[in-house]
Number of protein chains: 2
Amino acid sequence: MTDVRPYTALIERLKLAGLRPTRQRLALAKLLFDTADDQTDRHVTAEQLHSEAMEAEVRVSLATVYNTLHQFTDAGLLREVVVDSGRSYFDTNIDDHHHFYFEDNGRLQDIPGAAVRLAELPEAPAGAAIKRVEVIIRVRED
Amino acid sequence: MTDVRPYTALIERLKLAGLRPTRQRLALAKLLFDTADDQTDRHVTAEQLHSEAMEAEVRVSLATVYNTLHQFTDAGLLREVVVDSGRSYFDTNIDDHHHFYFEDNGRLQDIPGAAVRLAELPEAPAGAAIKRVEVIIRVRED
DNA sequence: ATACTTGCAAATCGTTTGCAATACC
DNA sequence: GGTATTGCAAACGATTTGCAAGTAT
């Protein structure tokens with residue numbers, strides 16, 4: 001089942017985003033977006049992704065992981081989620097959706113977009129435009 | 001208009017919270033909760049509060065500001081708001097409410113509780129209980 | 001050939017900690 | 001007096017940066 005030219009689609013995706021398909025960006029994109037496994041939504045920190053890369057025998061520096069995550073975010077391939085001061089999560093699900101945050105262990109979990117509905121939203125403050133509405137449901141294991 | 005025994009109420013408040021009314025806690029409480037000025041909602045970072053203390057000629061170390069902010073938060077006098085990775089805000093408004101976050105300049109602004117209404121909420125994941133629902137509306141100055 | 005990327009190590013930022021000195025009850 | 005609190009400076013963890021070396025087009 002090992003694909004002989006496995007990266008074609010990812011290369012295209014990076015090029016479209018205006019990013020050179022370098023070895024490290026490809027490898028990270030594979031780890032992030034290649035859903036050979038089941039889940040479509042991943043929430044990774046830079047450290048986590050770096051560890052995964054190491055396990056996968058991919059040599060990438062932590063600095064490059066940071067750079068890449070931000071480039072992917074700027075390119076709209078990822079979304080940054082802030083729930084914990086001092087730790088940034090990157091979400092591979094860029095659709096409109098919200099999150100459960102497990103404060104005990106720092107895990108994030110997607111809430112399907114339809115499960116949260118806002119009945120009423122304030123208008124943006126004068127001189128400002130709404131960029132995104134984020135709902136974070138903080139939960140505690142019991 | 002300078003009160004001769006200005007701290008009585010704050011002292012009581014700290015005692016009720018189980019905190020010794022020390023000089024530095026009182027001074028910080030005054031800066032945070034004394035609404036001689038207009039606004040009832042303040043969103044401060046530790047650094048900001050420390051600066052204010054310096055300007056007010058109150059000698060407090062930054063470490064103590066951090067300690068105090070967390071103690072106040074644990075005691076329910078403050079609420080911590082996380083919108084920016086790497087920076088913690090403390091909100092003097094502990095009522096149920098949500099926030100606008102101005103990404104350009106890092107300013108936070110309360111949204112009155114009634115202006116956001118959630119029509120539908122998911123139930124908590126199995127084995128977990130909802131601790132708080134936070135709505136953050138990220139806005140951009142234009 | 002050239003501009004973009006990478007890796008490394010050092011630097012930075014916000015925050016926390018250990019511990020001796022000090023203040024509150 | 002005994003315990004809680006403070007300040008300092010060092011330690012910390014996550015993230016960023018400068019720059020020389022490597023790589024994609």
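Look a little higher up for the structure.
Presented here is an overview of the structure given in this document. These numbers were taken from a predicted model, which means no experiment stands behind them.

Regarding the protein's contact with DNA strand C
As a matter of local geometry, DNA strand C sits amid 20 residues, with Thr22, Gln24, Arg25 and Thr64 of chain A together with Tyr66 of chain B nearest to it. Near-protein atoms of DNA strand C (within 4 Å) split between backbone and bases, with sugar and phosphate holding 81%. A distance of 2.7 Å is found between a phosphate oxygen of DNA strand C and a side-chain nitrogen or oxygen belonging to Thr22 of chain A. Ser61 of chain A is positioned such that a nitrogen or oxygen atom in its backbone is 3.0 Å from a phosphate oxygen of DNA strand C. The element that contributes the greatest number of residues to the surface near DNA strand C is helix H4 (residues 62-74) of chain B, accounting for 4 residues. Considering only residue class, the surface near DNA strand C consists of 6 nonpolar, 7 polar and 7 charged.

Remarks on the sheet that holds strand E1 (residues 43-44) of chain B
Residues and elements named next belong to chain B. Strand order in the open sheet made by the 3 strands is E1-E3-E2, with antiparallel pairing throughout. On the outer flanks of this sheet lie E1 and strand E2 (79-84), each paired with one strand and no other. In this structure, E1 lies alongside strand E3 (residues 87-91), joined through 2 bridges in antiparallel fashion. Paired with Val44 across the bridge in E3 is Phe90.

Re the pairing of E3 of chain B
Residue and element names in this part refer to chain B. Summarising burial for E3: 4 of the 5 residues are buried, a large majority. Inspection of the sheet shows E2 paired to E3 by 4 bridges, in the antiparallel sense. Bridge pairing in E3 links Arg79 to Asp91. Taking the residues that link successive antiparallel strands as the turn, the E2-E3 hairpin has 2 residues, and the phi of Gly86 there is positive, at about 95°.

Digging into helix H2 (residues 23-33) of chain B
An α-helical segment advances 3.6 residues per turn. Residues three or four places apart therefore align on the same side. Considered for burial, the residues of H2 of chain B that qualify are Arg25, Leu26, Ala27, Leu28, Ala29, Leu32 and Phe33 of chain B. Elements that come into contact with the buried residues of H2 of chain B comprise helix H1 (8-16), E1, helix H3 (46-55) and H4 of chain B.

Some points on the side chain of Arg25 of chain A
Residue and element names in this part refer to chain A. As for its position among the elements, Arg25 is in helix H2 (residues 23-33). The charged side chain of Arg25 is buried without a salt bridge, its nearest counter-charge being Asp74 at 10 Å. A polar atom in the side chain of Arg25 sits 2.8 Å from the side chain of Gln71. Ignoring any residue separated from it by four or fewer positions in sequence, one finds Arg25 in contact with Leu14, Leu19, Arg20, Thr68, Gln71 and Phe72.

Concerning the relation of the copies chain B and chain A
The operation linking the two copies of the chain is a rotation about an axis combined with a translation along the axis. Once chain B has been moved 0.0 Å along the axis and rotated by 179°, it coincides with chain A to within an RMSD of 0.1 Å. Look at the turn and shift together and you get a two-fold axis relating the two. The fraction of interface residues of chain B whose copies in chain A are also interface residues reaches 100%, indicating that both copies meet through the same surface.

Rules and cut-offs
- Residues numbered from 1 in each chain as written.
- Chains lettered and ligands numbered in written order.
- Predicted model: local features only at pLDDT ≥ 70, side-chain atom pairs only at ≥ 80, totals over all residues.
- Heavy atoms only, no water.
- Near = heavy atom within 4 Å.
- Polar contact = N/O pair within 3.5 Å; in protein donor to acceptor, adjacent residues only side chain to side chain.
- Helix = DSSP H or I, 4+ residues; strand = E, 2+ residues; numbered from the N terminus.
- Nonpolar A, V, L, I, M, F, W, Y, C, P; charged D, E, K, R; others polar.
- Pairing = 2+ DSSP bridges.
- Buried < 20%, exposed > 50% of the residue type's maximum accessible area, 1.4 Å probe, protein only.
- Contact = heavy atoms within 4.5 Å.
- Lys, Arg positive; Asp, Glu negative; His and termini not counted.
- Salt bridge = Lys/Arg side-chain N within 4 Å of Asp/Glu carboxyl O.
- Least-squares fit on C-alpha atoms with pLDDT ≥ 70 in both.

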